[in-house]
Amino acid sequence: KLDVFTFGETMVLFQPEQMLSLEYVHQFPKRIGGAESNVAIGLSRLGHSVGWFSKLGDDPFGRYIQKYIRGEDVDTSSCLFTDKAPTGLLFKEQLSPDDVNVYYYRKGSAASLIGPDDLNEEYIAQAKILHISGITPALSDSSYQAVMKAIEIAKKNDMKIVFDPNLRLKLWSVERAREVFIEIAASADIILPGLDEGQMMTGETEVEKVAEALMGDADKTIIIKLGSKGAYVHSKNEKAYVEGFPVKQIVDPVGAGDGFAAGIISGILRNEPLQTVVRRANAIGAMVVGTSGDVEGLPTFKAVEQFMTPTGEARD
Ligand code: ATP
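The numbering scheme is per chain: residues are counted from 1 as the chain's sequence reads. Since the coordinates come from a predicted model, pLDDT governs what is reported: local features require at least 70, and pairs of side-chain atoms require 80 or more to be given and counted, while whole-chain, interface and lining totals use all residues. Side-chain measures were taken over the full set of non-hydrogen atoms in the model, leaving aside hydrogen atoms and water.

Asker: Can you walk me through the overall build of the chain in this structure?
Answerer: When its secondary structure is counted, the chain shows 12 helices and 14 strands. Structurally, the chain occupies a C-alpha span of about 50 × 45 × 40 Å along its principal axes. The classification of residues rests on relative accessible area computed with a 1.4 Å probe and restricted to protein chains. Under 20% of the type maximum is buried, over 50% is exposed, and intermediate values are partly exposed. The proportion of buried residues among the 316 residues of the chain is 55%. The contact definition used throughout considers only heavy atoms, calling two residues in contact when any of these lie within 4.5 Å. Sequence-distant contacts in the chain: of pairs separated by 6 or more residues, those separated by 24 or more amount to 69%. Here, Shrake-Rupley sampling with a 1.4 Å probe gives the accessible areas, and only protein chains in the shown set may cover a residue. By element, 49% of the accessible surface of the chain is carried by carbon and sulfur atoms, the whole surface being about 14,400 Å². Where the 33 positive side-chain charges of the chain centre and where its 44 negative ones centre are 3 Å apart. The way it works is that DSSP assigns letters per residue, a run of H or I at least four long becomes a helix, a run of E at least two long becomes a strand, and they are numbered from the N terminus. Charge counting follows a simple rule: Lys and Arg are positive, Asp and Glu are negative, and His as well as the terminal groups are ignored. Every charge is mapped to an atom, namely NZ of Lys, CZ of Arg, CG of Asp or CD of Glu.

Next up, the structure:
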């Protein structure tokens, strides 16, 4: 039995420790990178049962990714391996503290071959929540179709749908992304855009106007991420800014949004009041920002509760 199902592409990430052009770097430590698996790992640490699906290359990198994610107690039993395409790769180059470039080697990758027929309805329907990221439909036409199929399965089986747009302009045009995001958002129960993504989807500028436009006439929960300022939550009965937690030193901003999503989904599974849910998600985002790596900062439930208490905040 699963609490959450999510799917998408996780790549092998090569990120040198040196701040130097990749032209001159000789050593590349190997990690993994993928928004959906970050969310899955975050949820697993918070105590939930999560299924993550992907199509991986039948190669050492594909096996490495599956082992890593399985090692975090995420169910990877529905993953498929293919010899028709390799596992996607990603290189990160840091030239200065705030100048980071990403180089993808993922076009035509194994995960881009994900299609609607790869989804196992019986497996997915065990979950209470479907997490959709806006990266998966950007991979290829067949993976877009798979996202639509997953939404259909979720609707049929009374699952809640949580949508995190995760705009990646290296993968598709802003016009196509906008079209697809609006289509997915129409089916979602909870939408988690950054302010810039919300602005892109609605054409509005102000936080409250963006939330209103995303909600439309439907009964949805919109939670807009505002970086260090926390988040704005907008539902039928609630409209509130929920303050963020102070971060002593921003070590690595990447992955905050994924930790935030895991926090939101966890709180919903626990049936907590909306502001409590958002407050914990803010705390997780702050913890991720203060730690190097995408998944290293993701806390257990106990650790985030500790972080949120006044003494916890004062910790080094
Ligand atoms: P990502 O870089 O992972 O794509 P994002 O753009 O989706 O992130 P952000 O708004 O940067 O989302 O961060 C998500 C959440 O993490 C914020 O809503 C906030 O709660 C927390 N957070 C992010 N940055 C900071 C910060 N500098 N200080 C405190 N909290 C932060």
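Once the structure has been displayed, the description carries forward.
Asker: Explain the packing of aromatic side chains to me, please; I cannot follow it from the model alone.
Answerer: Each aromatic ring pair is specified by the distance between its two centres and by the angle formed by the two planes. Only rings of Phe, Tyr and Trp enter the pairing, Trp through its six-membered ring, and a pair is recorded when the two centres are within 6.5 Å. The plane angle decides the type: under 30 degrees is stacked, over 60 is edge-to-face, the rest tilted. Throughout the structure, instances matching the rule amount to 12 aromatic pairs. With a centroid separation of 6.4 Å and an interplanar angle of 45°, the aromatic rings of F7 and F53 are classed as tilted. Within this pair, whereas F7 is found in strand 1 (residues 4-7), its partner F53 is found in strand 4 (residues 50-53), the two being separated by 46 residues in sequence. Classification of F7 by relative accessible area gives buried; the value is 1%. Where F28 meets F91, the ring centres are 5.6 Å apart and the plane angle is 85°; that geometry is what we call edge-to-face. Residue F28 is located in the loop between strand 2 (11-14) and strand 3 (30-33), and its partner F91 is located in strand 7 (residues 89-96); the two are separated by 63 residues in the primary sequence.

Asker: How should I be thinking about the sheet that holds strand 14 (residues 239-242) in this particular structure?
Answerer: Strand pairing in a sheet relies on backbone hydrogen bonds. The paired strands run either parallel or antiparallel. Only strands that DSSP links by at least two bridges are regarded as paired with each other. Ordered in space as 4-1-9-10-11-12-13-14, the eight strands form an open sheet in which the pairing is mixed. At either margin of the open sheet sits one strand with a lone partner, and together these are strand 4 and strand 14. Alignment of strand 1 against strand 4, held across four bridges, turns out to be parallel. When the bridges of strand 4 are listed, F7 appears paired with F53. Axis geometry follows a simple rule: fit a line to the C-alpha atoms, using only the stretch in contact for helices, then measure angles between N-to-C directions, giving values from 0 to 180 degrees. Along the sheet face, helix 1 (residues 35-45) touches strand 1, strand 4 and strand 9 (129-133) and points at about 165° away from the line of strand 4. In this fold helix 9 (residues 256-269) packs onto strand 1, strand 9, strand 10 (160-164), strand 11 (190-191), strand 12 (221-225) and strand 13 (231-234), with an angle of close to 165° to the strand it touches most, strand 9.

Asker: For this particular structure, what's the right way to read the site of the ligand?
Answerer: Residues are classed as near a molecule or strand on a simple rule: at least one heavy atom within 4 Å of it. Taken together, 17 residues sit near the ligand, with K225, G227, G230, G257 and N282 positioned nearest. Nitrogen and oxygen atoms within 3.5 Å of one another constitute a polar contact, given that in protein one can donate a hydrogen and the other can accept it, and given that sequence-neighbouring residues count only through two side-chain atoms. A256 places a main-chain nitrogen or oxygen 3.2 Å from an oxygen atom of the ligand. Burial of the ligand by the protein amounts to 79% of the accessible area it has alone, namely 620 Å². For the shell around the ligand, the secondary structure elements donating two or more residues are helix 9 and helix 10 (274-289). Among the elements that line the shell around the ligand, the one with the most residues is helix 10, at four residues. Considered class by class, the residues forming the shell around the ligand number nine nonpolar, seven polar and one charged. Three classes are used: nonpolar for Ala, Val, Leu, Ile, Met, Phe, Trp, Tyr, Cys and Pro, charged for Asp, Glu, Lys and Arg, and polar for all others, with Gly counted as polar.

Asker: Would you explain the sheet that holds strand 2 in this entry?
Answerer: Sheet architecture is open: four strands sit in the order 3-2-7-8, paired in mixed fashion. This sheet does not close on itself; its edge strands, each paired only once, are strand 3 and strand 8 (99-105). Between one strand and the next, the sheet's axes are offset by a mean angle of 30°, whatever the strand orientation. Pairing geometry for strand 2 and strand 7, over three bridges, is parallel. Looking at strand 7, one finds that L13 is bridged to L90. Across the face of the sheet, helix 2 (residues 60-71) comes into contact with strand 2, strand 3 and strand 7 while running at roughly 70° to strand 3.

Asker: I'm lost on the pattern of salt bridges in this one. Help?
Answerer: Two side chains that carry opposite charge are able to pair once their charged atoms sit near each other. The term salt bridge refers to a side-chain nitrogen of Lys or Arg lying within 4 Å of a carboxyl oxygen of Asp or Glu. Taken as a whole and assessed by the stated rule, the structure comprises 12 salt bridges. The salt bridge involving D118 is made with K55; its shortest N-O contact spans 3.0 Å. Here D118, found in the loop between strand 8 and helix 3 (121-124), pairs with K55, found in strand 5 (residues 55-57); they are 63 residues apart in sequence, far enough to count as distant.

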